[in-house]
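The primary structure of each chain is shown beneath.
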Amino acid sequence: MTDLIARARAGDGEAFRELTEPYRRELQVHCYRMLGSVQDAEDTVQETLLAAWQAFAGYTAERASLRTWLYKIATNRCLNALRSGRRRAARGWDVPTVKPPEATRLGEVVWLQPYPDALLEDVAGATSGSGAPLGPEARYEQAESISLAFVTALQVLPPRQVAVLILRDVLGFHASEVAGMLEATVESVNSALKRARASLRRQLSPGDGRESPPAAGSASEDAIVTRFVSAWQSADLDALVALLTDDAFVSMPPMPFEYAGRDAVVSLVASLFGSGRRFDLVPTRANGQPAFGAYLRSSDGIRHGIGLYVLTLSGDRIRAMTRFEASVLPWFGLPRSLPSR
């Protein structure tokens, strides 16, 4: 490590890459949590590594570990992006030939994008900010801290609170380390953390009797997924209704339309199934949750990708569905279309 640092300080790009590459994936997840967008996270990590390369001559391991130093740069780049207000704009209804029912409300976080589970594999065993296994400093397990509900809730917090909560409660950095990263006092960090926790608790507080999701890849999860695929591909509304919780919810970023409650969700799905529209689903995973590429069957037999659905489960029911546009399909290794069978 010492030799690599010396070589990188001297301008050796390969040594710098060898030093920083092990942190790229977890930095991208960090930026995604802060920004809610895969594309913005990728861009910010690139900016982070460029800034780190340009400043590396001044880096000293005695002041901070390389990981902590990189997180400081990445966090501040994310804060700059958040404060600039650059976000994807909301889009109008983009489902041809389908007239949607009236939405329950319009959502705020229209820039949200799904995060492929394949990109989480190298960070599943991430350590805390100090390099030790996650302990009392970190309050959230990875599965919860990458979920769509958690990432969405973060997006409505003030930027400084987002940074503090992720660094403290997700990554497990100590308050003094976070203060150093943000060039703030420990007192201000603790104050921001208290407010962020209270706000997040209000947004994520479970409803009465709401159950936790089954474990990823478990027989219980597989059973729900199998029933959902069967119901969706056969356009069986009754079977779908039986899978939904009473407070089921659908969001559709970058479209702002949201449908809350079982009846509203069923009305939306009925409109999608209208005029004989039928779909095939291809399974994948996003944000640690079951997901599906959705393909519309056409008269020529070719099935065209129309979006990605991510399910949020509660016990043996579906609590939420989030529909993303078809442009995200390649991120999951899914084609834009499927050939005729």
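This one's a predicted model, so the numbers in the text were calculated from it and none came from an experiment.

K.L.:
If you had to explain the pairing of strand β3 (residues 255–260) to someone new, which residues and values would you point to?
P.N.:
As paired elements, strand β1 (residues 105–106) and β3 share 2 bridges and run antiparallel to each other. Within β3, the position partnered with L106 by the bridge is F257. What sits between strand β2 (residues 244–252) and β3 in their antiparallel hairpin is a turn of 2 residues.

K.L.:
Any details on the side chain of S271? Residues and values, ideally.
P.N.:
Among the structural elements, S271 can be located in helix α12 (residues 262–273). For S271, a relative accessible area of 18% gives the class buried. If we skip the residues at most four places from it in the chain, S271 touches V98, K99 and P101.

K.L.:
Lay out empty space enclosed by the protein in plain terms, naming residues and giving numbers.
P.N.:
As enumerated under the stated definition, the model contains 1 cavity of 30 Å³ or more in all. Forming the walls of the largest cavity are W232, V250, M252, L268, V269, L272, Y309, M321 and R323. Elements supplying a minimum of two residues to the lining of the largest cavity: β2, α12 and β7 (317–324). The greatest single-element share of the lining of the largest cavity, amounting to 3 residues, is contributed by α12. Partitioned by chemical class, the residues of the lining of the largest cavity number 8 nonpolar, no polar and 1 charged.

K.L.:
Quick one: what's the story with the nonpolar core, residue by residue and with numbers?
P.N.:
Of all hydrophobic cores here, the largest spans 76 residues; its most connected members are Y32, M34 and F56. I224, W232, A235 and Y259 belong to the second largest nonpolar core, which has 34 residues in total.

K.L.:
Account for unusual backbone geometry, naming residues and giving values.
P.N.:
Omega for the peptide link from P253 to P254 comes to 10°, which places this bond in the cis form. Topologically, P254 is positioned in the loop between β2 and β3. The phi angle at S275 is positive, at roughly 60°, despite the residue not being glycine. Summarising the element assignment, S275 is placed in the loop between α12 and β4 (279–286). Here N287, not a glycine, exhibits a phi torsion of approximately 55°, which is positive. Of note, N287 is situated in the loop between β4 and β5 (289–297).

K.L.:
Please set out the environment of E108 residue by residue, giving values where relevant.
P.N.:
One can find E108 in the loop between β1 and α5 (142–145). Sequence spacing of E108 and R202 is 94 residues, and the spatial spacing of their C-alpha atoms is 17 Å.

K.L.:
A description of the environment of L82 should follow, citing residues and the corresponding values.
P.N.:
Following the sequence through the fold, L82 ends up in helix α4 (residues 66–84). Since its relative accessible area comes to 13%, L82 is described here as buried. Sequence separation between L82 and P158 is 76 residues; the distance between their C-alpha atoms is 8.9 Å.

About the cut-offs
- Residues numbered from 1 in each chain as written.
- Predicted model: local features only at pLDDT ≥ 70, side-chain atom pairs only at ≥ 80, totals over all residues.
- Heavy atoms only, no water.
- Pairing = 2+ DSSP bridges.
- Helix = DSSP H or I, 4+ residues; strand = E, 2+ residues; numbered from the N terminus.
- Buried < 20%, exposed > 50% of the residue type's maximum accessible area, 1.4 Å probe, protein only.
- Contact = heavy atoms within 4.5 Å.
- 1 Å grid on protein atoms, 1.4 Å probe; cavity = no way out; pocket = protein on both sides within 12 Å on 5 of 7 lines; lining within 4 Å.
- Points joined across faces, edges and corners; volume = space filled by probe spheres on them.
- Nonpolar A, V, L, I, M, F, W, Y, C, P; charged D, E, K, R; others polar.
- Core = buried A, V, L, I, M, F, W, Y, C linked by side-chain atoms within 4.5 Å.

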